[in-house]
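Architecture at a glance
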Amino acid sequence: AVTAGQTWTSCNPTLTMCPPDAGLSSSTYTVDFTDGADSSHWTSVGTGAVSYSPLGAAFTISKRGESPTLQTAWYFFFGRTEVHLRTAPGTGIVSCVVLESDDLDEVDWEWIGGAPDQAQTNYFGKGNTTAWDRGGNTKVTDTQGITHNYTIDWTPASLTWYVDGAAVRTLLYTDAVGGKNYPQTPMRLGLGIWAGGDPANANGTIAWAGGVTDYTKAPFTMYVERVAITNAFPAQSYSYSDLTGDWNSIAV
């Protein structure tokens, strides 16, 4: 589950030397999904299809087992991510924007379908899920009916989450176990929805997601209109030069 942090990676560069990550070679990337798909920059990694219309990219759960998700085909290394979206309704349905790296660093926006006036922020470092005090809650008006700009500004010194240009939370490098748990390695951007309230999930996950999902109320849809990314260190690829997972060890 997204709430528990990423728990799987095809090659963890803090355990072994891994192949380089494909990088975003330009300093900026933008896409307007109201004009259609951009399959050269995004990969479908979930179950269920993403469709496109003048409303944007539609991530729809129409039945149990679906979790439509798109992920960038490349990584970026520090910078800014803006996602303009409307979240999905539905008890237990979780809409999410997730930055994640090969060594399980993660930065999240999450929205619970039964709480349309709230956005959650979270982060994980190196897959450490031993503490549950990292989450934050932000009041946002009608996340399901109004398109808002959810931004993450990510530097070696701090992480700041913004809603419609207003900062709502800042995490300093030193506040994340002295930097040890600070997200600091090249990330891909993921967009998707999933049923945290699926009856098969752990009771704690279902409770966090707001209750058991009633699939007879489907479909549940998140609409993403536009994404803009600024890459602080544009490169063809990123390599981990050692096993530390420290940002200074990344070869650009």
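Values in this document were obtained by computation on a predicted structure and should not be read as measured data.

Scanning the protein chain from terminus to terminus reveals 1 helix and 18 strands. Against the compact-globule benchmark of 18 Å for 252 residues, the protein chain has a radius of gyration of 17 Å, which places it among compact chains. With respect to the three principal axes, the spread of C-alpha positions in the protein chain is 50 × 40 × 35 Å. The burial tally for the protein chain puts 52% of its 252 residues in the buried class.

Further remarks concern the sheet that holds strand β18 (residues 250-251). Across the sheet, 3 strands lie side by side as β1-β17-β18; this open sheet has antiparallel pairing. Of all strands in the sheet, those bounded by a partner on one side alone are β1 (21-22) and β18. Sheet analysis places β1 next to strand β17 (residues 237-240), joined by 2 bridges and oriented antiparallel. Residue pairing in the sheet places A22 in a bridge with S237 of β17.

Counting 51 residues, the largest nonpolar core has W42, F59, W109, L189, L191, V224 and V227 as its most contacted members. Beyond its immediate chain neighbours, meaning those up to four positions away, W42 contacts Y29, V31, F33, L70, Q71, T72, A73, L189, L191 and V227. In terms of nonpolar packing, the next biggest core, distinct from the first, is built from 6 residues, V94, C96, V98 and A209 among them.

This next bit is on the sheet that holds strand β8 (residues 93-101). As summarised here, the arrangement of the 7 strands in space is β3-β6-β15-β8-β9-β10-β11, forming an open sheet in which the pairing is antiparallel. Either end of the sheet is taken by a strand with one partner, and the two such strands are β3 (42-44) and β11 (136-139). The sheet shows a mean angle of 20° between the axes of neighbouring strands, direction not considered. Pairing geometry for β8 and strand β15 (residues 187-195), over 9 bridges, is antiparallel. By the bridge assignment for β15, S95 is matched with I193.

Turning to the pattern of salt bridges, a few remarks are in order. Scanning the model with the defined rule gives 7 salt bridges in all. Here E66 ties to K63 by a salt bridge, and the two come within 3.1 Å at their closest N and O atoms. Owing to a relative accessible area of 13%, E66 belongs among the buried residues under this scheme. Notably, a salt bridge pairs E82 with R226, separated by 4.0 Å at the nearest N-O pair. Of this pair, E82 sits in strand β7 (residues 79-86) while R226 sits in strand β16 (residues 220-231), and the two are 144 residues apart along the sequence. For R226, a relative accessible area of 33% corresponds to the partly exposed category. When salt bridges with common partners are traced through the structure, they connect D103, D105 and K126 into a single cluster.

Conventions we followed
Residues numbered from 1 in each chain as written. Predicted model: local features only at pLDDT ≥ 70, side-chain atom pairs only at ≥ 80, totals over all residues. Heavy atoms only, no water. Helix = DSSP H or I, 4+ residues; strand = E, 2+ residues; numbered from the N terminus. Rg over C-alpha atoms; globule rule 2.2 N^0.38 Å. Buried < 20%, exposed > 50% of the residue type's maximum accessible area, 1.4 Å probe, protein only. Pairing = 2+ DSSP bridges. Core = buried A, V, L, I, M, F, W, Y, C linked by side-chain atoms within 4.5 Å. Contact = heavy atoms within 4.5 Å. Axes fitted to C-alpha atoms, helices over the stretch in contact; angles between N-to-C directions. Salt bridge = Lys/Arg side-chain N within 4 Å of Asp/Glu carboxyl O.

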